[in-house]
Amino acid sequence: MFKKLLVANRGEIAIRIMRSAQELGIRTVAIYEETDKTASHIMRADEAICIGTGPRKDYLDIDRIIHAAQSTRAEAIHPGYGFLAENPQFSKQCTEAGLVFIGPPPQVIIDMGSKVIARRIMEEAGLPSIPGTSVLEHGEQGEGAAAAFAEKHRFPIMVKAVAGGGGRGIRVAQNMEELRRFIAIGRSEAKMAFGNDQVYLEKGLTNPRHVEVQILADMHGQVVHLGTRNCSIQRRHQKMIEMAPAFLPDDLSNRICETAVRAARASNYLNAGTVEFLIDQDDNFYFLEVNTRIQVEHTVTEVITGIDIVREQIRVAAGEPLSIEQKDITFRGTAIELRITAEDPKNNFMPDPGVIELYQSPGGHGTRLDGAVYQGYEIPRYYDSMLSKLTVYGFTWNEAVDRLRRTLDSFLIAGVKTTIPYYKQIVNDPDFINRNFDTSYIETHPHLLDYQEELPPIDKLAKLVAEINAYGYNPYSGR
Amino acid sequence: MSERNRVTPQMSSLEILDFLRRTPGVFLTNNERDVSQSDFRCRIMPQTTLKVAPYRDSTGFFGFEIIGGATVHLDLMNKQINPFEKLRLVRKAMPNTLIQAVCRGRNLFGYRPYPDNVINLTVELFSKYVDIWRLYDFLNHVPNLVTTAEAVKRTGKLLMPNICFSTGYGHTDDYYVGKAEEIVSILGEDIILGIKNHSALGSPARIAGLVRAIRKRFPDLLIAYHGHNTDGNDLGRMFAAAQEGVKIVEVSDHGFGGIYSQAPALSFIQNLHDDGIPTPGIKIQPLLDTSDTLRRERRYYEKFTSPFRGFDPTVKRHKLPGGALSLALEQAEKAGLLERAHEVFSELIEVRKELGNFWLVTPGSQILWSTALSNVLHGRYEKPSDDLKRLLLGRYGPFPFYDPREWIFEKVLESGRSDGKKWHEILAEEAGVLELPDDDLKSRRLQLERHLKRSVTDEELCMYVQFPIDSIEFFRFADRFGQAWLLPPDVWFREGGFPDGTRIAFPDEKGRTHHIDMVSTRHSGDSVHTSLLVDYHFQTYTTKVPKKKGA
């Protein structure tokens, strides 16, 4: 086993990885940019190293990160999610530098990172795919292929960037005019975002459910699945609430999980990954993509299986076999995870950086927090706005929802706007309570944004006491 | 009825009246509202009221007056509590005792007449909590009570129209019996007739005679006596009234009142029991427990007591009621006129005689006091207020006994007129009670919603139409600071900053204890940074404090 591991990430996922590493007796190294020097992941690591002035560019600088690992004598690098996690070059350079990259080999990242190649591999392995095109040619030839595809499969049609992911680079066209326009816009956006302007088309499904399967694969040929997750509650293709299991009929659930294992084998998968599917309203499922990294929402799977996925990732990367076989894996209860972000839902979810004046986290049975902030922390405006992931467990769905409601009520964050009040609305929404949701949930429930934000009553009174103290008398007492 | 010898809010008004008629003895109403107004400048805080509420509730009072008069306005201004919220809290804490409100007839809880729809809205909303409406008019002009009284009848609550009592020219028993006849002829006998002796006037014999005269004319009419102990002699009057058959007498707690407000309940009960008059439902132990607690609370309110301590037998001359007296002295003190207060009191006696010898009770007491003050400062009737002009124009109703002299009409009504009209022309063209058109409550609601940038409740609208400026200030305060009434009185009335390490602990409405600990205070320019541990989380608040003049 490694003695020291560098976490090439920040925020909650960096801390999450460090926790498992430390439990394995591995010392951890944090990296940070100058603009991120007050981040709490730095304080949680055994060592920390500044890799540049930032913002953002140094967390994406492969050479600097590898140099940081070498200078601290780390043997392995865990990329977390985002930043360089799905960059095959990073995986490749780590290996070349004699460092163990905790994730799949470069070729798997390359294959699965290309939506078109991934689809071809999966089709060859017999996985059901959403009808789609290959990469669209530029010019008339591409337009012709798009028109023919639209003629055959009808609208809506999704325009997707080949190098896209995480919901980025996707547009849904409802007619030919939009299709032509979105192909052009999609190309230029993809070029800017990913350095690759290739796009392809997929048939759009109406209000599908988004279901994914967690898989783990070791170097000894073992591939297991850890069951399903439902990630349907999304805003503009960004997941907001995830849960495990996906509450599919047993037969469908088994078929999807077996298909995911087949997909992993077909792609020579190694380490942890997620196979994503869309399920239409007739329970037909289609392969969507494979994410070659730890997912934000992995916590819900950990909660209902009891398996530490990051621990397994590290063990697998160290060449050890998975600690569990498929027959050992059981699923118990329900887990729901919310992404608590510093965003203002009422203002189009605009990030709201600032100082966290008050931070009181919930606790108690069935409550898990993966956070990275503290009271007094100034959220930098350069990074993502995630404050904490709240995962709750319930023996039943209803128990989990009740617990979620209770924990949200006792989760107090002041100083910045957060998504907590919006989630409080959701957990009281009859459609959510009855699990009546799909990917259109956020759009079709705009009334959930109609809430009042208030400081806790005791904090309002404390503010008044501070004024009485400052004035030396109560300016509101008619003195 | 939960207990046989007491009334409860669950009974209908007719059941209550029947119970009073059938039950021998004297019932007691605790008037904390008047104690607060007369002896502590309206400053008794809800925390104190709620602290003793369980004792008071089990004492077995007929009623508990906690709202009305100046209290509604001053609750908003000085205590930052919504009067409706206060009533809700009291109702919850005293579920077995009738809640009483004193109301200025058409003037409701303000200083000028309100349109009918404002009166109806107010009575309807307050009646969610108020069980007894004690109504009066400062000119004893009974038509001024009718709209409010009818609104009260519609709610099914107890109606207690009052006769304001005074002495001197015109104030005969015949006059007051005539007023009682006027009230009964309009409102019937299913009422409680109140005698409102706000200025502590008359001897025990005088009050006994008055009660006897009214009872002779209306033997079955229930009568209540509201007196003040300003001259130290109200126990005598209360006892005389009780002996003559008054059914309800207002009292205070010995731990609190007894100077300009009502005389203490316990002394009165001892007098009654010695004379064999029962006090149905009254229990002594909770009465003692109340005052034991109030005695400890009293220190928070000492600074609001009158600058002139002790009883004031000169009230027989100036006739200012308890509440008006302490507020008038506060006003004089703020204006730096405390040294000249005797001049103002002398002038007040003159002014009262000149202006018709009516009753010094709101808004009449304010009109007369401010006229006296103005006369001392600026010369007699040289700077008449608009309210004085309205009085002379008969806006509040006719003078009860005689009109002021012509020279006063001339000085007051012609003052500030640009049209050159003479006072008799003005009287001919403008005098009389005005018919007020209904308020446009829909647009008033929209106005308030625009001010507050949120939707508003009917109760908020009700406050807004009566006190537009002060209620907006209050609503903004409440939106910002929440339930400020939770803070203990020593915090609310704090003088000086809090030393580091000070702990402020108090329960919330649900009984959960909260802590605010002072960590540090740092001054930086015109800002003060206060760091606190608030329920064990750390908070720093920055307050900009305007620099003191001359600093």
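Treat the numbers as computed from the prediction; the structure is a model and nothing was measured. (Residues numbered from 1 in each chain as written. Chains lettered and ligands numbered in written order. Predicted model: local features only at pLDDT ≥ 70, side-chain atom pairs only at ≥ 80, totals over all residues.)

**Q** Residue-level account of the overall build of chain B, with values.
**A** The helix and strand inventory of chain B stands at 23 helices and twelve strands. On C-alpha atoms alone, chain B measures out to a radius of gyration of 24 Å, which is about the 24 Å that the 2.2 N^0.38 rule sets for 551 residues. Dimensions of chain B, computed from C-alpha atoms along their principal axes, come out at roughly 70 × 65 × 50 Å. Summarising the internal contacts of chain B: among those between residues at least 6 apart in sequence, 74% fall at separations of at least 24. (Helix = DSSP H or I, 4+ residues; strand = E, 2+ residues; numbered from the N terminus. Rg over C-alpha atoms; globule rule 2.2 N^0.38 Å. Contact = placed C-beta atoms within 7 Å.)

**Q** So what about the environment of Cys50 of chain A? Which residues, and what values?
**A** Residues and elements named next belong to chain A. Along the chain, the position of Cys50 falls in strand E3 (residues 47-52). Considering only alpha carbons, one finds Cys50 and Arg10, 40 residues apart in sequence, at a separation of 12 Å. When residues no more than four places from it in sequence are discounted, the contact partners of Cys50 are Tyr32 and Glu34.

**Q** Describe the domain arrangement of chain B, and please don't skip the residues or the numbers.
**A** Parsing chain B into structural domains produces domain 1 (14-304), domain 2 (315-430), domain 3 (441-484) and domain 4 (496-544). Computed over C-alpha atoms only, the centres of domain 3 of chain B and domain 4 of chain B are separated by 28 Å. (Domains from an automatic or database assignment.)

**Q** So what about the packing of helix H3 (residues 46-59) of chain B against helix H12 (residues 284-297) of chain B? Which residues, and what values?
**A** All names here are of chain B. H12 packs onto H3 with a crossing angle of 165° between their chain directions and a minimal axis gap of 8 Å. As far as their axial angle goes, H12 and H3 are roughly antiparallel. Here the hand of the crossing between H3 and H12 comes out left-handed. Mapping the contact onto sequence places Thr48, Lys51, Val52, Tyr55, Arg56, Ser58 and Thr59 in H3 and Pro286, Leu287, Asp289, Thr290, Thr293, Leu294 and Glu297 in H12. A class-by-class count of the residues in the contact of H3 with H12 yields five nonpolar, five polar and four charged. (Axes fitted to C-alpha atoms, helices over the stretch in contact; angles between N-to-C directions. Parallel < 35°, antiparallel > 145°, perpendicular 65-115°, else oblique. Left-handed = near helix turned anticlockwise from the far one by under 90°. Nonpolar A, V, L, I, M, F, W, Y, C, P; charged D, E, K, R; others polar.)

**Q** Explain the domain arrangement of chain A to me, using residue names and the numbers behind them.
**A** According to the domain assignment, chain A consists of domain 1 (4-102), domain 2 (131-203) and domain 3 (209-449). On a C-alpha basis, the centres of domain 2 of chain A and domain 3 of chain A stand 28 Å from each other.

**Q** Outline the sheet that holds strand E14 (residues 334-341) of chain A, supporting the account with residue identities and numerical values.
**A** Residue and element names in this part refer to chain A. If you trace the eight strands from one edge of the open sheet to the other, you get E13-E12-E9-E10-E11-E14-E19-E18, paired in antiparallel fashion. With partners counted over all chains shown, the strands left at the sheet margins are strand E13 (285-291) and strand E18 (367-371), one partner each. Going across the sheet, the axis of each strand differs from the next one's by a mean of 25°, ignoring polarity. As defined by bridge partners, strand E12 (residues 271-279) adjoins E13 across six bridges and the pair is classed as antiparallel. In the strand pairing of E13, Thr274 is matched with Asn291. Packed onto the sheet, helix H9 (residues 250-266) meets strand E9 (209-217), strand E10 (223-235), E12 and E13 and runs at close to 110° relative to E10. (Pairing = 2+ DSSP bridges.)

**Q** Explain the pairing of strand E2 (residues 27-33) of chain A residue by residue, including any values.
**A** Residues and elements named next belong to chain A. Along E2, six of the seven residues are buried, which leaves the element largely enclosed by surrounding structure. In terms of strand pairing, strand E1 (residues 4-7) meets E2 through four bridges, oriented parallel. Bridged to Lys4 within E2 is Arg27. Remark: the E1/helix H1 (residues 11-23)/E2 crossover connection has right-handed handedness. (Buried ≥ 20, exposed ≤ 12 C-beta atoms within 10 Å, placed from the backbone. Right-handed = clockwise from strand over helix to strand, strands pointing away.)

**Q** How would you summarise the interface of chain B and chain A if you had to cite specific residues and measurements?
**A** Accessible area lost upon the coming together of the parts serves often as the stated size of an interface. Listed as interface residues are 34 residues of chain B and, on the opposing side, 25 residues of chain A. For the side of chain B that touches chain A, the elements supplying multiple residues, two or more each, are helix H4 (71-79), helix H22 (468-481), helix H23 (489-492), strand E10 (513-524), strand E11 (527-534) and strand E12 (537-544) of chain B. Here the side of chain B that touches chain A gets five residues from one element, more than from any other, and that element is E12 of chain B. Looking at the side of chain B that touches chain A residue by residue, the class counts come to 18 nonpolar, twelve polar and four charged.

**Q** Any chance you could break down the packing of helix H6 (residues 116-126) of chain B against helix H21 (residues 458-466) of chain B for me, citing the residues and the numbers?
**A** All names here are of chain B. Put simply, H6 and H21 touch, their axes get as near as 10 Å, and they point 135° apart. Relative to H21, the element H6 is oriented oblique. H6 and H21 meet at a crossing whose hand is left-handed. Taking contact as the criterion, the partners of Val118, Leu121, Thr122 and Leu125 in H6 are, on H21, Asp458, Glu459, Cys462 and Val465. Residue classes in the contact of H6 with H21 are distributed as five nonpolar, one polar and two charged.

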